[in-house]
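# Tertiary structure, described
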Amino acid sequence: MISVQQDSQGFIRMKRHFPASASIAVIFDDGSQETFTGRRLNEIYDQALAAYRAGNNLDAKGFSRGPQKKMQQGIEFVPVSPGMAAG
């Protein structure tokens, strides 16, 4: 089992997908704990990445079609809250 800790802003660190069959224990800032499947956390990550890309005018692959400038292509922190495991 993989264990991750939520930070005080409500995020967990997740640079890439977890294995779909993995069990991940998320320990929330308030001390409670919930077990997620890798598949569910990957869905949450994909939703957060899509929202980031839409908010920064990037296409589905993370590329900017506008004027060239240096821009972060992905995300590293994903917002989670109790009750999201059932999703």
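Residues numbered from 1 in each chain as written. Predicted model: local features only at pLDDT ≥ 70, side-chain atom pairs only at ≥ 80, totals over all residues. Heavy atoms only, no water.

### Here's the deal with the overall build of the protein chain
Regarding its fold elements, the protein chain presents one helix and five strands. Walking the protein chain from its N terminus toward its C terminus, one meets helices and strands in the order β-β-β-β-α-β. For the protein chain, buried positions account for 31% of its 87 residues. Within the protein chain, residue pairs in contact and separated by at least 24 positions form 45% of the contacts whose partners lie at least 6 positions apart. Summing over all exposed atoms, the protein chain offers an accessible surface of approximately 5,700 Å²; the carbon and sulfur share of this is 52%. (Helix = DSSP H or I, 4+ residues; strand = E, 2+ residues; numbered from the N terminus. Buried < 20%, exposed > 50% of the residue type's maximum accessible area, 1.4 Å probe, protein only. Contact = heavy atoms within 4.5 Å. Areas by Shrake-Rupley, 256 points an atom, 1.4 Å probe, with all protein chains shown as cover.)

### Quick notes on the nonpolar core
By size, the foremost hydrophobic cluster in this structure holds 17 residues, and its most contacted members are Ile12, Ile24, Val26, Leu41, Val78 and Val80. Where this core is concerned, the elements lending two or more residues are strand E3 (23-27) and helix H1 (38-55). The greatest single-element share of this core, amounting to five residues, is contributed by H1. Not counting the four nearest positions on each side in its chain, Leu41 is found in contact with Ile12, Met14, Phe18, Ile24, Val26, Phe36 and Val80. (Core = buried A, V, L, I, M, F, W, Y, C linked by side-chain atoms within 4.5 Å.)

### Side note on the pattern of salt bridges
A complete count under the given rule lists two salt bridges for this structure. Close ionic contact of Glu76 with Arg13 constitutes a salt bridge, the shortest N to O distance being 2.4 Å. Within this pair, whereas Glu76 is found in the loop between H1 and strand E5 (77-79), its partner Arg13 is found in strand E2 (residues 11-13), the two being separated by 63 residues in sequence. One salt bridge connects Glu43 with Arg40, and the closest N-O pair in it is separated by 3.1 Å. You can see Glu43 and its partner Arg40 sitting in helix H1, three residues apart, about one turn around the helix. Judged by relative accessible area, which is 36%, Glu43 ranks as partly exposed. (Salt bridge = Lys/Arg side-chain N within 4 Å of Asp/Glu carboxyl O.)

### Details of the sheet that holds strand E4 (residues 33-37)
Sheets are built from strands paired through backbone hydrogen bonds, the pairs being either parallel or antiparallel. Spatial ordering of the open sheet is given by E1-E3-E4, a layout of three strands whose pairing is mixed. The open sheet has two free edges, formed respectively by strand E1 (2-5) and E4, since each of these has just one partner strand. The mean angle between the axes of side-by-side strands here comes to 25°, regardless of whether they run parallel or antiparallel. Alignment of E1 against E3, held across four bridges, turns out to be parallel. From the neighbouring strand, Val4 faces E3, where its bridge partner is Val26. With respect to the sheet, H1 is in contact with E3 and E4, its orientation differing from that of E4 by roughly 90°. (Pairing = 2+ DSSP bridges. Axes fitted to C-alpha atoms, helices over the stretch in contact; angles between N-to-C directions.)

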